Amino acid sequence: MPNFRTTIYILDRDGGEHEIPVEVDYDATYDPGRSYGPPENCYPPEGEMTINSIVWPAGITLDMASDNQLEKMEQEAWEHYDTRGVDDRE
């Protein structure tokens, strides 16, 4: 399972913003589709991203992260996936 490190931002009870390092473990599949040849052989691209786990610092929980931060994490997982070679190496 591929993983990477990133940072997210959370707000504390007083509205203060904090940068938090996290490690994200994910699984992804992607099929670029086919846009050439006879129409019956063509199909759109599709992919699926599954975030398996997020390692948070002690005292930090998922509910402290906004939906935007979780979307950012998924986007970064796709970017990480895209940088990996066909032999699953960076």
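Residues numbered from 1 in each chain as written. Predicted model: local features only at pLDDT ≥ 70, side-chain atom pairs only at ≥ 80, totals over all residues. Heavy atoms only, no water.

Asker: So what's going on with the packing of aromatic side chains? Which residues, and what values?
Answerer: Enumeration over the complete set of coordinates arrives at three aromatic pairs. Where Tyr30 meets Trp78, the ring centres are 6.4 Å apart and the plane angle is 75°; that geometry is what we call edge-to-face. In this pair, Tyr30 is assigned in strand E2 (residues 17-31) and Trp78 in helix H1 (residues 67-83), connecting sequence segments 48 residues apart. For Tyr30, a relative accessible area of 45% translates into the label partly exposed. Judged by relative accessible area, Trp78 falls into the buried class, the value being 18%. (Phe/Tyr/Trp six-rings, centres within 6.5 Å; stacked < 30°, edge-to-face > 60°. Helix = DSSP H or I, 4+ residues; strand = E, 2+ residues; numbered from the N terminus. Buried < 20%, exposed > 50% of the residue type's maximum accessible area, 1.4 Å probe, protein only.)

Asker: Quick rundown of the sheet that holds strand E3 (residues 46-55)? Include the residues and the values.
Answerer: Judged by pairing direction, the sheet is antiparallel, and its three strands sit side by side in the order E1-E2-E3 without closing on themselves. In this open sheet, the two edge strands, each paired with only one partner strand, are strand E1 (3-11) and E3. Pairwise comparison of adjacent strand axes, ignoring direction, gives a mean angle of 40° for this sheet. Here E1 pairs with E2 via nine bridges, running antiparallel. When the bridges of E2 are listed, Thr7 appears paired with Pro21. Contacts between H1 and the sheet are confined to E1, E2 and E3, with E1 contributing the most and set at about 160° to the helix. (Pairing = 2+ DSSP bridges. Axes fitted to C-alpha atoms, helices over the stretch in contact; angles between N-to-C directions. Contact = heavy atoms within 4.5 Å.)

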